[in-house]
Amino acid sequence: MKTNRKILIIIFILSALLMSGCATSHKRNPLPEAYGDTAQIPYIPDARFWGDTLPSGIQEKLAEIREEIREKEPEAKYKPIDYLAISGGGANGAFGAGLLVGWTAAGNRPEFRVVTGISTGALIAPFAFLGPEYDAKLKKFYTTTSTKDILDKRSLFSILTADSAADTTPLREMLEDVIDVKMLEEIVVEHDKGRRLFIGTTNLDAKRPVIWNIGIIAKSGAPNALQLVRDIIVASASVPGAFTPVYIEVEADGRRYDEIHVDGGTSSQVFLYPASLDMRWAMRQVGLKGKSRIYIIRNSFIKPDWKTVKPKIVSILGNTISTLIRTQGLGDLYRIYLGAQRDGMDYNLAFIPSNFNEKPKEVFDPEYMGKLFDLGYQMTKNGYPWEKVPPGFEPP
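Keep in mind it's a predicted model, so treat the numbers as computed, not measured.

Q: Which residues make up the overall build of the protein, and what are the values?
A: Check the secondary structure of the protein and you find 13 helices and eleven strands. In the protein, buried positions account for 51% of the 396 residues. When the accessible area of the protein is evaluated, it comes to approximately 19,200 Å², of which 56% is carbon and sulfur surface.

Listed below in C-alpha cells is the structure:
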C-alpha cells in the first residue's frame, strides 16, 4: 500500500471519529458508571474481577482452593508451585507456542498451578494450561494460520461506519473448532484440583484491566459459558481500531447492559496477579509450602530495533505505537520481578533473541511463524537458560 493511501485512510478514520452523528456498526446499551463495580455476567457472578485490585472475598476464594487441593491433589502440598504468564505479541505468539512444545520434548515441562494470557497469549493459555496433549493443536494453530484465517479487511469506505478496520469473524470461526465443549470439560477437571486459568481483557469504557476466571466460567454450566470463553479470547486479542471489539452482556440492578472489551495488551502486555496481593500469605492460605517459580514468556524482542522514521504521519505514528508497546512490556516485566522479589518467588524470563532476523510478509505469515516456532522449540528442547532478571536489573 502506498504511503499516500495510508495517510488518506488515517484522515478518513479521524474524520469518522469526529462525526458524532454518523451511524455505527453496533447499537450499544452501555453500562452506567454507577454499576461499574457491581455488574455481573448473567448466570456467572464470579466470572471476572478488576485486574488492578484484589477481588472481593479473596480469603473465601483461597479457602475454596485449599479444599479443592485437599480433596483432589493432597500430595501437592510440598511440590514446587509453578506459574506461567504468556504475553501478547500477535504472530510472534508462535515463539511461545514453540517454546512450550520444545519444553515438552525436553521432558521437564512443569504442570502450572496458574496460567495467565493476554492477547496472543490468551490464545495460547488454554493449550498451555491443559498440558502436552494439546501440543499438536497448538503447533498447528501457530504454523499454518495466515492473515485471511484471522481477519477480513474492510473496504476503505466501510471503515467510516464500522468499529474497526478489520472483521475478526474468521478467527471466531476457527475458535469454534478449537475451543469446544470437551476443552471446557477438561478445564473444569483441572480447576477442581485448585489450578487456575486466567485471561486478561481491557474494559474500554472503564479504561481498566479485567481478569477472567476461565475455570469458573467453564464450571458454571451456564448456557452462555462456551460462547463467553470464545468471546473473552477474541476480545483479548482484538487490537482497538484494527480488530473488531467484543460487546459483552452484563446485568446490573435487574437490567441488561453491555461492556466493550478489547485487547488485554491495552492495559498490560503480561500479567500474573495484582501487585497488592501478598503471594506468601496467599500460599499459606491454600496450604501450599513448595517453592514458587514464575515463568514468563515474552512473545517479542527485548532489544529495540533501529528504524529511521520518515517525516510522514504513518511512519511517526507507527514507530510511536511500537515504542509505547515495547516500554509498556518492559514495565510489566519489572513489576512482576519486583513482586517476585518481595514474595520470595523464583523469576524466569524468555523472549525472542535479537539475532532472529526473519521478517513477515503479512500480518500472520505462516512461513515466518513456522520459523519462529522452530526457534522456540529448539531453545527449550536443548535446555533453555532462563533469564533470572529483566533487562536493566542485572546484578553487579
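Q: Got a sec to walk through the layout of surface pockets? Specific residues and values, please.
A: Approximately 1,100 Å³ is the volume attributed to the second largest pocket. Lining the second largest pocket are 48 residues, and of these Phe-49, Pro-55, Lys-61, Phe-198 and Asn-213 sit closest to its centre. Contributions of two or more residues to the lining of the second largest pocket are made by strand E1 (48-50), helix H2 (58-72), strand E6 (196-203), strand E7 (208-213), helix H9 (214-219) and helix H11 (279-286). For the lining of the second largest pocket, the element with the highest residue contribution is H2, accounting for seven residues. Residue composition of the lining of the second largest pocket, by class: 27 nonpolar, ten polar and eleven charged.

Q: Can you lay out helix H4 (residues 120-130) for me, pointing to particular residues and giving the numbers?
A: The element H4 is extensively covered by neighbouring structure, given that eleven of its eleven residues are classed as buried. By the burial criterion, the buried members of H4 are Thr-120, Gly-121, Ala-122, Leu-123, Ile-124, Ala-125, Pro-126, Phe-127, Ala-128, Phe-129 and Leu-130. Directly after H4, the chain includes Gly-131, whose backbone phi takes a positive value near 100 degrees.

Q: With reference to specific residues and values, describe helix H7 (residues 169-178).
A: Within H7 the residues assigned to the buried category are Pro-170, Leu-171, Leu-175 and Val-178. The buried side chains of H7 occupy one side of the element, clustering within an arc of 135 degrees when seen end-on.

Q: I'd like to hear about the nonpolar core, residue by residue, with values.
A: With 76 residues, the main nonpolar core has Leu-84, Val-115, Tyr-142, Ile-179, Trp-212, Ile-214 and Ile-217 as its most contacted residues. Core analysis: the next-biggest nonpolar cluster, separate from the first, contains 35 residues, Phe-49, Leu-62, Ala-85 and Leu-277 among them.

Q: Which residues make up a nonpolar patch on the surface, and what values go with them?
A: A contiguous nonpolar surface patch, about 320 Å² in accessible area, is contributed by Ile-313, Leu-317, Ile-321 and Ile-325. In this structure, Leu-317 sits in helix H12 (residues 313-343).

Q: Kindly report on the packing of aromatic side chains, identifying the contributing residues and their values.
A: A complete count under the given rule lists twelve aromatic pairs for this structure. Seen from their ring centres, Phe-49 and Phe-198 are 6.1 Å apart, and the 80 degrees between their planes marks the pair as edge-to-face. Here Phe-198 lies in strand E6 and Phe-49 lies in strand E1, a separation of 149 residues in the sequence. Taken together, a centroid distance of 5.6 Å and an interplanar angle of 65 degrees make the contact between Trp-103 and Phe-112 edge-to-face. Each residue in the set Trp-103, Phe-112, Tyr-295, Tyr-384 and Trp-386 is aromatic and connected to the rest through ring pairs, giving one cluster.

Q: Quick rundown of the pairing of strand E8 (residues 246-252)? Include the residues and the values.
A: The buried fraction of E8 amounts to five of the seven residues, a majority that puts the element mostly inside the structure. Connecting the antiparallel pair E8 and strand E9 (residues 255-263) is a turn made up of two residues, with Asp-253 showing a positive phi of about 55 degrees.

Q: So what's going on with empty space enclosed by the protein? Which residues, and what values?
A: Where empty space is left in the structure can be found by rolling a water-sized probe over the atoms. Evaluation of the coordinates by the stated rule reveals one cavity of 30 Å³ or more. When contributions to the lining of the largest cavity are tallied by element, the ones reaching two or more residues are strand E10 (292-301) and H12. Of all the elements, E10 adds the most residues to the lining of the largest cavity, at three residues. Of the residues assigned to the lining of the largest cavity, the class counts are three nonpolar, one polar and two charged.

Q: Let's hear about the side chain of Arg-195: which residues, and what values?
A: Inspection of the secondary structure assignment puts Arg-195 in the loop between helix H8 (181-191) and E6. Residue class for Arg-195 comes out buried when judged on its relative accessible area of 2%. At 2.8 Å, the side chain of Arg-195 and the backbone oxygen of Phe-112 are in polar contact. Separated by 2.9 Å, the side chains of Arg-195 and Glu-190 make a polar contact. Leaving out residues up to four positions away in the same chain, Arg-195 has contacts with Glu-111, Phe-112, Arg-113, Phe-129 and Glu-190.

Q: Hey, could you go over unusual backbone geometry for me, with residue numbers and the actual values?
A: Positive phi is not limited to glycine here, since Tyr-43 has a value of about 75 degrees. For Tyr-43, the position within the fold is in the loop between helix H1 (3-18) and E1. With phi around 55 degrees, Asp-253 is a residue other than glycine that occupies positive phi space. Mapping Asp-253 onto the fold places it in the loop between E8 and E9.

What counts and what doesn't
Residues numbered from 1 in each chain as written. Predicted model: local features only at pLDDT ≥ 70, side-chain atom pairs only at ≥ 80, totals over all residues. Heavy atoms only, no water. Helix = DSSP H or I, 4+ residues; strand = E, 2+ residues; numbered from the N terminus. Buried < 20%, exposed > 50% of the residue type's maximum accessible area, 1.4 Å probe, protein only. Areas by Shrake-Rupley, 256 points an atom, 1.4 Å probe, with all protein chains shown as cover. 1 Å grid on protein atoms, 1.4 Å probe; cavity = no way out; pocket = protein on both sides within 12 Å on 5 of 7 lines; lining within 4 Å. Points joined across faces, edges and corners; volume = space filled by probe spheres on them. Nonpolar A, V, L, I, M, F, W, Y, C, P; charged D, E, K, R; others polar. Arc of directions from axis to C-beta. Core = buried A, V, L, I, M, F, W, Y, C linked by side-chain atoms within 4.5 Å. Patch = residues over 30% accessible without salt bridge, like charges linked within 9 Å, V, L, I, M, F, W, Y side chains within 5 Å. Salt bridge = Lys/Arg side-chain N within 4 Å of Asp/Glu carboxyl O. Phe/Tyr/Trp six-rings, centres within 6.5 Å; stacked < 30°, edge-to-face > 60°. Pairing = 2+ DSSP bridges. Polar contact = N/O pair within 3.5 Å; in protein donor to acceptor, adjacent residues only side chain to side chain. Contact = heavy atoms within 4.5 Å.

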